[in-house]
Amino acid sequence: DTAVSQTPKYLVTQMGNDKSIKCEQNLGHDTMYWYKQDSKKFLKIMFSYNNKELIINETVPNRFSPKSPDKAHLNLHINSLELGDSAVYFCASSQDRVLDYQETQYFGPGTRLLVL
Amino acid sequence: AQSVTQLGSHVSVSEGALVLLRCNYSSSVPPYLFWYVQYPNQGLQLLLKYTSAATLVKGINGFEAEFKKSETSFHLTKPSAHMSDAAEYFCAVSGAGGTSYGKLTFGQGTILTVHP
């Protein structure tokens, strides 16, 4: 009965490859997010979707493309992986777009990506 | 624009001692403030949040935080540290307007070590 789940938990790949990370939430939330946590543990938002619509798109390279097939899923596809993409990627969700600024965000366990 | 500064990347306390983790924020709109905890190899979990209802906020695991607008601070405290409190703590700010809308901005994190 995990609230926000991510797969895979660990991902080791070569530079130049394309990979995807999947995220699913069973909380019935309307909004989902992707965050990147770098080696210094600094957390930064990448994207936010509400009911499959892109809401927040920070300054992220075009190689990163989020895809939301339905409001319970938000996947992250990364093309042409680079060394600097190595990080922990967290998916999160919150309930209500209108009150998003005060809604609790529920985080997944993270996906540890290592690009060699 | 909004930002968060956590003073002290590492804090070490003895079991039973007071825990004080410092957080200062900057926000051009009324802020909503959060403290999250991250245990090793896990996602973030909400400890408590300030959403303008009361300046002293009580959270889980005996933690509390006080919003002080004049000092732009939201420090996290716990009267008596427990070994299980050892983790990394993140302060975050969200805002109800402009480019801050629905976006959590995190501080750099503070690692809390509790020794016997």
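Scroll up to find the structure.
Everything numeric in this text was worked out from a predicted model, so none of it was measured.

Conventions used here
Residues numbered from 1 in each chain as written. Chains lettered and ligands numbered in written order. Predicted model: local features only at pLDDT ≥ 70, side-chain atom pairs only at ≥ 80, totals over all residues. Heavy atoms only, no water. Helix = DSSP H or I, 4+ residues; strand = E, 2+ residues; numbered from the N terminus. Rg over C-alpha atoms; globule rule 2.2 N^0.38 Å. Buried < 20%, exposed > 50% of the residue type's maximum accessible area, 1.4 Å probe, protein only. Contact = heavy atoms within 4.5 Å. Areas by Shrake-Rupley, 256 points an atom, 1.4 Å probe, with all protein chains shown as cover. Disulfide = S-S within 2.5 Å. Salt bridge = Lys/Arg side-chain N within 4 Å of Asp/Glu carboxyl O. 1 Å grid on protein atoms, 1.4 Å probe; cavity = no way out; pocket = protein on both sides within 12 Å on 5 of 7 lines; lining within 4 Å. Points joined across faces, edges and corners; volume = space filled by probe spheres on them. Nonpolar A, V, L, I, M, F, W, Y, C, P; charged D, E, K, R; others polar.

Peer 1: Describe in detail the overall build of chain B, supporting the description with residues and values.
Peer 2: Per the secondary structure count, chain B includes 0 helices and 11 strands. Computed over its C-alpha atoms, the radius of gyration of chain B comes to 14 Å, within 12% of the 13 Å expected for a compact globule of 116 residues. By principal-axis analysis of the C-alpha atoms, chain B measures approximately 45 × 30 × 20 Å. A buried classification covers 47% of the 116 residues belonging to chain B. Here the contacts in chain B between residues at least 6 apart in sequence split such that 57% fall between residues at least 24 apart. Carbon and sulfur atoms form 55% of the exposed surface of chain B, whose accessible area is close to 5100 Å².

Peer 1: An account of the state of the cysteines is requested, with residue identities and associated values reported.
Peer 2: Considering all chains together, one arrives at 2 disulfides over all chains under this definition. A sulfur-sulfur distance of 1.9 Å marks the disulfide that ties C23 of chain A to C91 of chain A. Across the disulfide from C23 of chain A to C91 of chain A, rotation about the S-S bond amounts to roughly -75°, and the bridge is consequently left-handed. Taken as a pair, C23 of chain A in strand 3 (residues 19-25) and C91 of chain A in strand 9 (residues 87-94) lie far apart in primary sequence, 68 residues in all. One disulfide in the model links C23 of chain B with C91 of chain B; its S-S distance is 2.0 Å. In this structure, the disulfide formed by C23 of chain B and C91 of chain B twists by about -65° around the S-S bond and is classed as left-handed. In this pair, C23 of chain B is assigned in strand 3 (residues 19-27) and C91 of chain B in strand 9 (residues 87-95), connecting sequence segments 68 residues apart. Across the pair, C91 of chain B and C23 of chain B agree in class, each one buried.

Peer 1: Before we move on, could you go through the pattern of salt bridges and cite the residues and values that matter?
Peer 2: Any two side chains of opposite charge can pair, given that their charged atoms come close. Counted under the stated rule, the structure contains 6 salt bridges over all chains. Of the charged contacts in the structure, one is a salt bridge between K41 of chain A and E88 of chain B, with a shortest N-O distance of 2.9 Å. Note that K41 of chain A is positioned in the loop between strand 4 (31-37) and strand 5 (43-50) and E88 of chain B in strand 9, a pairing that runs across two chains. A salt bridge links E82 of chain A to R63 of chain A; the nearest nitrogen and oxygen atoms lie 3.5 Å apart. Of the two residues, E82 of chain A sits in the loop between strand 8 (73-78) and strand 9 while R63 of chain A sits in the loop between strand 6 (53-57) and strand 7 (64-70), which places them 19 residues apart along the sequence. Among the charged side chains, a salt-bridge network with shared partners connects R63, E82 and D85 of chain A.

Peer 1: Before we move on, can you summarise the layout of surface pockets with the specific residues and values?
Peer 2: To find the voids left in a structure, one rolls a probe of water-molecule size over its atoms. One number sums up the size of the largest pocket: a volume of about 280 Å³. As for the largest pocket, its lining consists of 16 residues, of which Q37, K41, V88 and R112 of chain A together with Q38 of chain B are closest to the centre. Breaking the lining of the largest pocket down by element, the ones donating at least two residues are strand 9 of chain A together with strand 9 and strand 11 (110-115) of chain B. In terms of residue class, the lining of the largest pocket is made up of 7 nonpolar, 5 polar and 4 charged.

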